[in-house]
Each structure stands twice: as C-alpha cells, then as structure tokens.
Amino acid sequence: GSGVRAYIPLRGAHQAANAAIALAAVQARLGTTDLDPDRLRAGLASVCVPGRMEVLARDGMADVVLDGAHDPDALRALVACLAETPGPTPTTIVFGIGGMRAPEPLVELLRPLDADIVVTAATSPSAVPAADLGRRLRACGVAATVAHGPAAAMATATSKSPPHGRIVVAGSLHLVGEVRLLIGVDATVP
C-alpha cells in the first residue's frame with residue numbers, strides 16, 4: 001500500500017480494515033498508489049458514519065451506543081468493539097429487527113454482553129412486531145422486556161440502566177435512525 005499512517009475516528013478494529021480496503025479500491029481504480037498522504041490523512045480523520053458504533057453521551061443518564069448491526073457479521077463486530085472499548089459494561093440492549101431476519105442466531109451473538117434486553121420495533125412496515133420478537137426470544141431462553149415503539153424502549157432501557165451504564169441500540173438501521181431522532185440527533189443514517 002501507500003505506507004501512510006492515519007487516524008480514523010471510528011470505533012472498532014474492523015473499521016481500520018474497512019478503510020484499508022477502501023483505500024486499496026481507490027488505488028486500483030486510479031491505477032496508482034501515488035496519492036497525497038496529507039489529503040489521505042485529512043480525509044480519513046474526517047470520516048463520520050452515523051449509526052455505526054456511534055456513542056451519544058447524555059448528562060446524568062447512561063450513554064447510548066447506536067449501531068445498526070443487523071446481520072451476524074455486524075453483530076460480531078459490535079460485540080468485539082464493545083469488548084475493546086474502555087468504559088461501562090453495557091447494561092441494556094434495545095433490539096429490533098426487520099422481518100426477513102431470524103432473531104435467534106442474532107441474539108445468541110449478544111449473550112456475551114450479559115445485558116438486559118428490551119425488544120421493540122421501528123415504525124418500518126418490515127419490522128418484526130415487538131410482542132412477536134419477545135415471544136421468540138423467550139422461546140430460546142432469552143429474557144426480554146417488550147416495549148412498543150422506540151420511545152417506550154428507550155424509556156425502559158434508561159430506567160433499567162444506571163447513569164454510569166451504557167445502552168446499546170442494535171438490530172436495525174430503521175430503529176437506530178428513530179432513536180437518533182428521539183435523542184435529538186439528525187436521524188439520517190446511511
């Protein structure tokens with residue numbers, strides 16, 4: 001490669017690998033590795049990916065980690081990233097999925113976090129209804145609190161989490177977008 005060392009303001013080792021792949025793709029497309037290192041560093045330092053390991057601090061309340069992880073690979077990366085990120089242990093997960101996904105294998109990946117789970121559904125028509133999701137999780141031995149809608153889920157998660165704790169919102173980019181809006185962040189998630 002280019003041999004350029006750069007800072008990337010994204011959490012998770014997988015994001016560094018993603019950046020290296022993107023750089024290699026650009027170099028292949030341009031047919032050169034002779035790229036301006038200062039511009040590369042500046043570009044990588046300004047990267048922002050809303051809804052991917054995005055941490056929102058709230059005064060006097062648990063931090064919120066937003067990650068639209070909705071498939072096994074993304075959830076594995078999320079769990080690994082949470083394990084490598086210093087800070088509070090996640091105490092609550094707000095979880096919702098789209099209708100084309102089976103929740104059981106996804107929730108199995110979340111078990112190492114040893115967190116309370118609050119299930120909900122985004123307002124997307126493809127979202128699995130919260131009651132159905134809760135029933136399926138309980139059937140595979142995972143205790144889950146059912147909350148009808150993202151606002152109720154966040155209220156429940158906040159009441160379950162101490163101020164020094166962490167709430168992780170995952171499983172659906174639609175859910176992450178709605179929670180961002182509830183918290184007062186621009187809800188646009190790519």
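Okay, so let's go over this structure. These figures come from a predicted structure and were not determined experimentally. (Residues numbered from 1 in each chain as written. Predicted model: local features only at pLDDT ≥ 70, side-chain atom pairs only at ≥ 80, totals over all residues. Heavy atoms only, no water.)

**As for the environment of Ala121**
Within the fold, Ala121 resides in the loop between strand 4 (116-119) and helix 5 (130-139). Spatially, the C-alpha atoms of Ala121 and Leu175 are 7.0 Å apart, while their sequence positions differ by 54 residues. For Ala121, the residues in contact, after removing those within four places along its chain, are Ala127, Val128, Pro129, Ala130, Ala147, Gly149 and Pro150. (Helix = DSSP H or I, 4+ residues; strand = E, 2+ residues; numbered from the N terminus. Contact = heavy atoms within 4.5 Å.)

**Quick word on helix 4 (residues 103-110)**
In an α-helix there are 3.6 residues to a turn, and that puts residues three or four apart on one side. Listed in full, the buried residues belonging to helix 4 are Pro103, Leu106, Val107, Leu109 and Leu110. Axial view of helix 4: buried residues confined to an arc of 150°, hence all on one face. (Buried < 20%, exposed > 50% of the residue type's maximum accessible area, 1.4 Å probe, protein only. Arc of directions from axis to C-beta.)

**Observations regarding unusual backbone geometry**
Phi is positive for Asp114, close to 50°, though the residue is something other than glycine. Locating Asp114 in the fold gives a position in the loop between helix 4 and strand 4. Look at Asp114 and you get exposed, because its relative accessible area is 70%.

**So, the pattern of salt bridges**
Counted by the stated rule, this structure contains five salt bridges. Arg180 is the partner of Glu54 in a salt bridge, and the nearest nitrogen-oxygen pair spans 2.8 Å. In this pair, Glu54 is assigned in strand 1 (residues 54-58) and Arg180 in helix 7 (residues 173-183), connecting sequence segments 126 residues apart. Neither residue differs from the other here; Glu54 and Arg180 are each classed as buried. (Salt bridge = Lys/Arg side-chain N within 4 Å of Asp/Glu carboxyl O.)

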